Amino acid sequence: MSTNMEYLRSSFVFFLLAFVTCTYAATIEVRNNCPYTVWAASTPIGGGRRLDRGQTWVINAPRGTKMARIWGRTNCNFNAAGRGTCQTGDCGGVLQCTGWGKPPNTLAEYALDQFSGLDFWDISLVDGFNIPMTFAPTNPSGGKCHAIHCTANINGECPRELRVPGGCNNPCTTFGGQQYCCTQGPCGPTFFSKFFKQRCPDAYSYPQDDPTSTFTCPGGSTNYKVIFCPNGQAHPNFPLEMPGSDEVAK
């Protein structure tokens, strides 16, 4: 009887381990090191979470997840029902995002277990910039599987035409048109995309900036971390939390 019980117990543990392995391809730890509150957002999984300075949020991303993005929202006010607004990165006035954020917002993008079993991931400024960011594998394996950063003072140096409250907008949102939006065929870098690329060479600066901006790691065996304000401080022109910001939803 005891032998059978041990067998059943071992089988159950094996089943749980197999279930977890099959269900999750990666864990992504999101950490806020900024000297202000960031309302982290994650779609299509995760939703949203308030992160005060030093707080973390762990997202379990299933195998095959694609078109996924993580970003930070600033200067938000939410009520007890999780409804409100954010100055940057707002996703339809809700704490728990189901759609993409309103520019400008610095993006961490990823797709897990895709072509050749690889994870594809990047930092993108195609939607503009609001918060400095690091995106990194927790177990780097060389090649294009290493930490990437966008920590320049982009808000403070933003071209006048792209400046908006709390961030530096992208030229597609500001001006529209094929030259900046790249929606109707090939396009190349512009004065504004070069501004972003010079300051954050790891990051996408326009929609077709693939060769220097896409990174890969082995799928199914790599976990990641996204850090807002990785240096632990914001430049003087980064948006600080405004009086009256949300004190309810966490």
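The rules behind these values
- Per chain, residue numbering runs from 1 following the sequence as it is written.
- Local features are withheld for residues below a pLDDT of 70 in this predicted model, meaning they are given only at 70 or higher, and side-chain atom pairs are given and counted only at 80 or more; totals for whole chains, interfaces and linings count all residues.
- Hydrogens and waters are ignored; side-chain quantities use all the structure's heavy atoms.
- UniProt positions are given in the numbering used here, feature names are shortened, and annotations may be inferred rather than shown by experiment.
- The numbering of helices and of strands both runs from the N terminus, where a helix is a DSSP run of H or I of at least 4 residues and a strand a run of E of at least 2.
- Buried residues are those whose accessible area, probed at 1.4 Å on protein chains only, stays under 20% of the maximum for their type, while exposed residues exceed 50% and partly exposed ones sit between those limits.
- Contact between two residues is taken to exist if any of their heavy atoms lie within 4.5 Å; hydrogens are not considered.
- Methods summary: accessible areas were calculated by the Shrake-Rupley approach with a probe of 1.4 Å, and residue burial reflects only the protein chains presented.

Going by the annotation in an unreviewed UniProt entry, the name recorded for the protein is Osmotin-like, with Nicotiana tabacum given as the source organism. Recorded under Sequence similarities (unreviewed entry), the UniProt text for the protein is reproduced unchanged: "Belongs to the thaumatin family."

Things to note about the overall build of the protein
The number of helices and strands found in the protein is five helices and 14 strands. Of all 250 residues assigned to the protein, the portion counted as buried reaches 46%. Look at the contacts in the protein between residues 6 or more apart in sequence, and 65% of them connect residues 24 or more apart. Carbon and sulfur atoms form 57% of the exposed surface of the protein, whose accessible area is close to 11900 Å².

Overview of unusual backbone geometry
Cis geometry marks the peptide bond from T43 to P44, where omega comes out at 5 degrees. For the peptide bond that leads from P103 to P104, omega is 5 degrees, which places it in the cis range. Positive phi is not limited to glycine here, since N75 has a value of about 50 degrees. Residue classification places N75 among the buried residues on the basis of a relative accessible area of 9%. A positive phi is found at D113, a non-glycine position, where the angle reads about 50 degrees. Along the chain, the position of D113 falls in the loop between β7 (107-111) and β8 (118-124). Owing to a relative accessible area of 23%, D113 belongs among the partly exposed residues under this scheme.

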